[in-house]
Protein chains: 2
Amino acid sequence: MVIDMENMAKQRIAGLRKLMKEAGIDYYIVPTADFHGSEYVGGYFKMRSFLSGFTGSAGTLVVSEREACLWTDGRYFTQAQAQLEGSGIVLYRMGEEGVPDIWEYLEKNAGKRQIIGFDGQVMDAEFGKKLEQRYQLSYEKDVAAPLWQDRPPLSATAVWTLSAERCGMSVAEKLKAVREKMEEQGAAHLLISKLDDIMWLYNIRANDVDCNPVALSYTLVSKDSAVLFIQSRALTDETAGYFAQNHITVKEYSSLGAYLESCEIKGRIWYSGKDVNYFLYKCIEKRGELIDRENPTELLKAVKTPEELESIRKYYLLDSVVLTKFLFWVKENAGREPMDELGLARRLDRMRSEIDGFLDLSFETISAYKSNAAMAHYSANGEHSAKITADGFYLVDSGGQYMGATTDVTRTIALGSITDEMRLHFTKVACAMLRLADTKFLYGCTGRNLDIIAREPLWQCGLDYKHGTGHGIGYVLNVHEGPHSLRWQYKPESRETVLEEGMIVSDEPGMYVQGSHGIRTENIVEVVKEQKNEYGQFMGFRHLTYVPIDLDAIDIGSMEPSDIERLNAYHKAVREKLSPYFEGEELERLKNVTRAV
Amino acid sequence: MVIDMENMAKQRIAGLRKLMKEAGIDYYIVPTADFHGSEYVGGYFKMRSFLSGFTGSAGTLVVSEREACLWTDGRYFTQAQAQLEGSGIVLYRMGEEGVPDIWEYLEKNAGKRQIIGFDGQVMDAEFGKKLEQRYQLSYEKDVAAPLWQDRPPLSATAVWTLSAERCGMSVAEKLKAVREKMEEQGAAHLLISKLDDIMWLYNIRANDVDCNPVALSYTLVSKDSAVLFIQSRALTDETAGYFAQNHITVKEYSSLGAYLESCEIKGRIWYSGKDVNYFLYKCIEKRGELIDRENPTELLKAVKTPEELESIRKYYLLDSVVLTKFLFWVKENAGREPMDELGLARRLDRMRSEIDGFLDLSFETISAYKSNAAMAHYSANGEHSAKITADGFYLVDSGGQYMGATTDVTRTIALGSITDEMRLHFTKVACAMLRLADTKFLYGCTGRNLDIIAREPLWQCGLDYKHGTGHGIGYVLNVHEGPHSLRWQYKPESRETVLEEGMIVSDEPGMYVQGSHGIRTENIVEVVKEQKNEYGQFMGFRHLTYVPIDLDAIDIGSMEPSDIERLNAYHKAVREKLSPYFEGEELERLKNVTRAV
């Protein structure tokens, strides 16, 4: 099977080169994006995966006559290396020292007179604008399309609505808040193409992207109108009525380009250059003065309402109960009965689906054993699914979409003997997660201030994890959400977001040793206000996740007394929160695994 | 005396209002700056202090017909409040919640048609450019000048040179490095007005600003010329010969404006808008395309050469020996013989001046007892100098200029009984300083990543210090130097600087309780490379300062085992480094105060 796939990639790249030649294109860029800059994309948009054979969720392919190269990030280095083997495609490990990014690669290789091609609808405006300053571009066509005979169609799942009560804000209130931000920026129009922002604004959901409850759509908000571009086949009379009632004008999804050419535009147009695609940007560029700024919906959406938070806390607890029971089962039965990664993922998914209010998974469950867990976003599948025995670490990163929350949680458990090194890594990661969750900080801090609190216990040992420490999470929406995050890298060009009360964020340090083991311990926490005094407003976090941390893998000797206190305090909370959902032997077990050490 | 001063400020503001009226100015801004945006300024430039009576080193006065307001930062809140009492000048505490900055104040109070006045030579271009977008400006004149009858003249101290050996780089090598940066930016000319940058570039020094060994000067560097504008009366035949030998054209200081109007300009002009004054900016604005970017000299100067580092290490040790002996004496004699803040400062200054190679102090010694130390930059003087007894905390922040280093160090010692709260604060500050110095981080971190390592022990208790954690330090140059710093606040508009091997930086957490006590523990550390492995290049710090931390004020019970280890390791190093300079009873004392706890 693997060999076939390799040949496939070679053949497809060759086919693309032929089409490039016909179109007069020297370098063709295939990012991983839909028309909306979504992180995860529907089947129709998986062109990069189709062409290269690399199935990770993030990556960009650049093809020239001479070379084919793929850029991906640290989560996927191992997977990409494996999947690209024999394809002739060169892997560029993003973020590693001395590895050029795509821009630098083009600067070095492409002459200024050469033509850079890409499908303008799947390229963000920001990068397109940078490219157009240096190169001639060909962006109007999806050049590779003819190669993909059995390409899946655009999704058009049924649109449904969330009540204002459930969201804590009505559409009218949200539009009012957005228009206030527009007023502040002096913008007469706001073009949003980011799907979760649009879902949030109109209190709607759908299922056009696996695990992301969104509908393919755009919206143009003006002072006195709100126009939603959506596939009419995704609407019922009921949803159409809902839009009418909320004074939202509905137009066909595919008509946006033409609409932007002809609609009345008075005053400045606000768009987000990192989200809006280059094709749309070229449409609005001609229509008036532009403001390139993050959508106002991003920050509004990130600060959860009290109603959302109440619901989130409830579902995180139910979700924690299920994961805890699942982990009990795995630990008890590993080595006793046959199990493999995929089987365990399916078992957990089934257990989660029995929670009242369950809608979907929030992402494909990562169920990874031993060295497979060293690939941070490894996914077992029908072909690769390691057998699990009573030995080493098992990692499971999973989450659900519920009618009232989106969850995300990772635990790693020891199924049998582990080495001293594994134990040390596990302990450092656990301490890192708990330290960050326990930190107090003055209002005004961003994720860049806090990231080191989690990373320092590892950095102190010369270790690191090559991913961010935390990301925002949607409410019945995408499991990855901005604008805040916990990262340390300095990027002069990107704005940071101050952590606000009511935001929720993941706290997920990890440790990965290729060929050996992968560890990640992830809780979701909410940002809360602490004391306010003469020094300012102090902020902190509160756990939303209550799942035991495996004491069998903890090395108490390498912990500070305060780390032990934090672990015990967390386990006491886990015990108290979860106990009502456990009984008999399982309850005893809960008490045991959350005992003070 | 105090009452006279108050009347003085009132009279002077009234006089200024009269001059403003004559000049048709509605709001007049008096920053604290010289023509070069220096942090500390010579006597000629202390107009804000002359007008307001507030003598702190940082502050901006804004006067309108209706109001007079002064902005200053957390270091000076207490002092400014005291000095402004009765002056009618309103104090704006910068950085406090709800306190508008000057821009916001003007936005709220000044109409768009009103005229904002300031002396363009002492206003940075950046702020001037912001103002000119909204207001009409009057910037050609130093309007307040006629009020100041006995204004000191411009300093013109003798210029002297540092050998290339002492600096580790010749002028030619430095000009080459600067011209490479100009090439990178596509700049044909570089206008530098920042004094320490100019001193660094030409390996020269002078004493035009107290404690800052700089000469009032400007320079214009082009591809094949370097023109230095300097007061000819500050030069001797020898220094003139030095400039000639190094192919530096010397012109009169005051002739820069006229030169910029008439000299040949081909290509883009690089200037630093936060340093170059508005008047000069208006001169070059007409002459061609501008690049507003931090001077290339800033980063080059911050990374010390191996020769500089070797010399710095040597002088920091000698400086540490003197401070340690001084603190021994104070602790032994407090309560036994009469002493006051000023007397102690003079004693320390005298001791330091006996070090071979001593040139000057690097700033006025801060010698502060009990509640006086709560004013972070308090300075005792002939009128205020508290008597010191065997009780409470004594803080001393001081440093020297040597022929081979600029030092800066703060210690706080307990002279007798202290409260539990004081002990806790002292311990947290000591742990904070040592934790930061001991932290390991991946290359790429900036000061904003690291600041929290020092601040977290205090934040965890709901405490904070209202100043940065660290600043760069010059080499026989300014005690405060950029471009790197250790701060947490997010300022989207300011660029951060990655910490590089060979930079030196202060590590100075503190804790201040108004009316009670002030604590600061400051070491200077150098940035060093640690291990490089698959995770990247790890970086760390190495202490330059070796002065005991007062164990009498330490509460071991509130420390983590790792904090105790760090304290003991530091004291072991202090003991080893200082022992050769101590003998007899003093050596025994050194061993005792650096004992393991």
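Here, residues in each chain are numbered from 1, in the same order as that chain's written sequence. To label them, take the chains in the order written and letter them from A, then take the ligands in the order written and number them from 1. Per-residue local features of the predicted model are confined to residues with pLDDT of at least 70, and side-chain atom pairs are confined, for both listing and counting, to 80 or more; whole-chain, interface and lining totals are unaffected and use all residues. Hydrogens and waters are ignored; side-chain quantities use all the structure's heavy atoms.

Chemist: I keep staring at the overall build of chain A and nothing clicks. Help me out?
Modeler: In terms of regular secondary structure, chain A is built from 18 helices and 28 strands. In terms of overall size, chain A behaves like a compact globule, its C-alpha atoms giving a radius of gyration of 24 Å where 597 residues would be expected to give roughly 25 Å. Reported as C-alpha extents along the three principal axes, the dimensions of chain A are approximately 70 × 55 × 50 Å. Taken over 597 residues, chain A has a buried fraction of 59%. Helix and strand labels come from DSSP, where a helix needs a run of H or I of at least four residues and a strand needs a run of E of at least two; each type is numbered from the N terminus. In this treatment the radius of gyration is a C-alpha quantity, and the globule benchmark scales as 2.2 Å times the residue count to the 0.38 power. Using a 1.4 Å probe on the protein chains alone, a residue whose accessible area is under 20% of its type maximum counts as buried, one over 50% counts as exposed, and one in between counts as partly exposed.

Chemist: Got a minute to help me understand the sheet that holds strand β8 (residues 189-192) of chain B in this structure?
Modeler: Strand pairs in the sheet, formed through backbone hydrogen bonds, run parallel or antiparallel to each other. Residue and element names in this part refer to chain B. Strand pairing is defined by DSSP finding a minimum of two bridges between the two strands. Pairing is mixed across the open sheet formed by six strands, whose spatial order is β12-β11-β10-β8-β13-β14. Every other strand in the sheet has two partners, leaving β12 (249-252) and β14 (290-292) as the edge strands with one partner each. Strand-to-strand twist across the sheet, computed as the mean angle between neighbouring axes with direction ignored, equals 20 degrees. Across four bridges, the pairing between β8 and strand β10 (residues 217-222) is antiparallel. For helices, the axis comes from a line fit to the C-alpha atoms of the stretch in contact; other axes are also lines fit to C-alpha atoms, and the angle between any two N-to-C directions lies between 0 and 180 degrees.

Chemist: Any chance you could explain the environment of isoleucine 230 of chain A here in plain terms?
Modeler: Residue and element names in this part refer to chain A. Secondary-structure assignment places isoleucine 230 in strand β11 (residues 226-230). Sequence separation between isoleucine 230 and leucine 201 is 29 residues, and the spatial gap between their C-alpha atoms is 14 Å. Pairs of residues are marked as contacts when any of their non-hydrogen atoms sit within 4.5 Å. Those residues in contact with isoleucine 230 that sit more than four places away from it in its chain are Val159, Ala215, Leu216, Ser217, Leu235, Val250, Lys251, Glu252 and Tyr253.

Chemist: Hey, could you run me through the sheet that holds strand β20 (residues 409-414) of chain A in this one?
Modeler: Residues and elements named next belong to chain A. The three strands lie next to each other as β16-β17-β20, forming an open sheet whose pairing is antiparallel. At either end of the open sheet lies a strand with only one pairing partner, and these are β16 (366-369) and β20. This sheet shows a mean twist of 10 degrees between the axes of neighbouring strands, independent of strand direction. Where β16 lies against strand β17 (residues 393-398), four bridges are found, and the strand directions are antiparallel. Pairing of alanine 368 across the sheet is with leucine 395, part of β17. Packing of helix α13 (residues 306-333) onto the sheet brings it into contact with β17 and β20, and relative to β20 it is tilted by some 20 degrees.

Chemist: Just checking my understanding: could you explain the nonpolar core for this structure?
Modeler: Soluble, globular proteins show a tendency: their nonpolar side chains are buried together. One finds Phe441, Leu450 and Phe541 of chain A together with Phe441, Leu450 and Phe541 of chain B to be the most contacted residues of the largest nonpolar core, which totals 115 residues. Apart from residues no more than four positions distant in its own chain, leucine 450 of chain A is found in contact with Leu436, Phe441, Cys445, Leu486, Leu499 and Phe541 of chain A together with Ile452 of chain B. What makes a nonpolar core is a set of buried Ala, Val, Leu, Ile, Met, Phe, Trp, Tyr and Cys residues whose side-chain atoms join them at distances within 4.5 Å.

Chemist: What am I meant to see in the pairing of strand β27 (residues 523-533) of chain A here?
Modeler: Regular strands show a simple pattern: their side chains alternate between the two faces of the sheet. Residue and element names in this part refer to chain A. Bridge analysis of strand β24 (residues 504-507) against β27 gives four bridges, and the strand direction is antiparallel. Within β27, the position partnered with aspartate 507 by the bridge is asparagine 523. As paired elements, β27 and strand β28 (residues 536-543) share seven bridges and run antiparallel to each other. Note on β28: the bridge partner recorded for asparagine 533 is glycine 536. In sequence, β27 turns back onto β28 through a hairpin of two residues.

Chemist: Explanation requested: unusual backbone geometry in the structure shown.
Modeler: Across residues other than glycine, the phi torsion is negative in most instances, and most of the peptide bonds are trans. The peptide bond linking glycine 482 of chain A to proline 483 of chain A adopts the cis configuration, its omega dihedral lying at 0 degrees. With respect to the element layout, proline 483 of chain A can be found in strand β23 (residues 481-486). For lysine 370 of chain A, which is not glycine, the phi dihedral falls at a positive 50 degrees. Looking at the element boundaries, lysine 370 of chain A is found in the loop between β16 and β17. According to the relative accessible area criterion, lysine 370 of chain A is partly exposed, its value standing at 30%. In this structure, cysteine 211 of chain B is a non-glycine residue whose phi angle is positive, near 70 degrees. As for its placement among the helices and strands, cysteine 211 of chain B is situated in the loop between β9 (204-205) and β10.

Chemist: How do you make sense of the relation of the copies chain A and chain B when you look at a structure like this?
Modeler: Superposition of the two copies of the chain requires a rotation about an axis together with a shift along that axis. We superpose the copies by least squares over the C-alpha atoms of residues that have a pLDDT of at least 70 in both of them. Of the transformation placing chain A onto chain B, the axial shift is 0.0 Å and the rotation is 180 degrees, giving an RMSD of 0.0 Å. The transformation relating the two chain copies, once decomposed into turn and shift, fits a two-fold axis. Of every C-alpha in chain A, the one belonging to asparagine 449 of chain A sits nearest the axis of rotation, 2.6 Å from it. Here 98% of the interface residues in chain A have copies in chain B that are interface residues too; the copies meet face to matching face.

Chemist: Honestly, the packing of α13 of chain A against helix α18 (residues 584-593) of chain A in this entry has me stumped. Any pointers?
Modeler: A pair of packed helices is captured by two measures, namely the crossing angle of their axes and the spacing between those axes. All names here are of chain A. Close contact between α13 and α18 brings their axes to 12 Å; oriented N to C, the two are set at 90 degrees. Judged on the interaxial angle alone, α18 and α13 are roughly perpendicular. Packed against α13, whose contacting residues are Thr324, Lys325, Phe328, Lys331 and Glu332, the element α18 presents Glu586, Arg589, Leu590 and Val593 at the interface. Looking at the contact of α13 with α18 residue by residue, the class counts come to three nonpolar, one polar and five charged. Each angle is binned into one of four classes, with values under 35 degrees roughly parallel, values over 145 roughly antiparallel, values of 65 to 115 roughly perpendicular, and all other values oblique. Only Asp, Glu, Lys and Arg are considered charged in this grouping, and only Ala, Val, Leu, Ile, Met, Phe, Trp, Tyr, Cys and Pro are considered nonpolar; every other residue, Gly among them, is considered polar.

Chemist: What am I meant to see in the pattern of salt bridges here?
Modeler: Two side chains with opposite charge may pair up if their charged atoms get near one another. Residue and element names in this part refer to chain B. What counts as a salt bridge is simple: a side-chain nitrogen of Lys or Arg found within 4 Å of a carboxyl oxygen of Asp or Glu. Here the structure, examined in full by the defined rule, presents 82 salt bridges over all chains. Among the ionic pairs, lysine 331 bridges to aspartate 552, the shortest N-O distance being 2.7 Å. Taken together, the positions of lysine 331 in helix α13 (residues 306-333) and aspartate 552 in the loop between β28 (536-543) and α17 (561-578) put the pair 221 residues apart, joining distant regions of the chain. Among the residues examined, lysine 331 registers a relative accessible area of 21% and is labelled partly exposed. Aspartate 340 is the partner of lysine 387 in a salt bridge, and the nearest nitrogen-oxygen pair spans 4.0 Å. Residue lysine 387 is located in the loop between β16 (366-369) and β17 (393-398), and its partner aspartate 340 is located in the loop between α13 and α14 (341-353); the two are separated by 47 residues in the primary sequence.

Chemist: When you look at the packing of α17 of chain B against helix α18 (residues 584-593) of chain B in this model, what are you seeing that I'm missing?
Modeler: All names here are of chain B. Direction vectors running N to C along α17 and α18 enclose 165 degrees, while the axes themselves pass 9 Å from each other. When the axis of α17 is compared with that of α18, the two are roughly antiparallel. Considering how the two elements wind past one another, α17 and α18 form a crossing that is left-handed. The residues of α18 that touch α17, namely those facing His571, Val574, Arg575 and Leu578, are Leu590, Lys591 and Val593. Left-handed describes a crossing whose near helix is turned anticlockwise from the far helix through less than a right angle; right-handed describes the clockwise counterpart.

Chemist: Got a minute to help me understand the interface of chain A and chain B in this structure?
Modeler: How big an interface is tends to be stated in terms of accessible area lost as the parts join. Chain A puts 41 residues into the contact, and the matching count from chain B is 40 residues. Throughout, buried area stands for the accessible area (probe radius 1.4 Å) lost by two parts on being put together, summed over both. When the two sides are added together, the surface that chain A and chain B hide from each other amounts to roughly 3300 Å², 52% of it contributed by carbon and sulfur. Viewed at the interface, chain B and chain A are joined by four salt bridges. Across the salt bridge formed by arginine 448 of chain A and glutamate 496 of chain B, the nearest N and O atoms sit 2.9 Å from each other. Any N or O atom pair separated by 3.5 Å or less is treated as a polar contact, with the protein-specific requirement of one donor-capable and one acceptor-capable atom, and with residues adjacent in sequence counted only for side-chain atom pairs. Across the contact surface, chain A and chain B share 22 residue pairs in polar contact (both at pLDDT 80 or more). Of all elements in the fold, only β21 (441-442), α16 (447-459), β25 (510-513), β27 and α17 (561-578) of chain A reach the threshold of two or more residues within the side of chain A that touches chain B. In terms of residue count, α16 of chain A provides more of the side of chain A that touches chain B than any other element does, seven residues in total. In terms of residue class, the side of chain A that touches chain B is built from 19 nonpolar, ten polar and twelve charged.

These results come straight from atomic positions and should not be treated as a statement about function.
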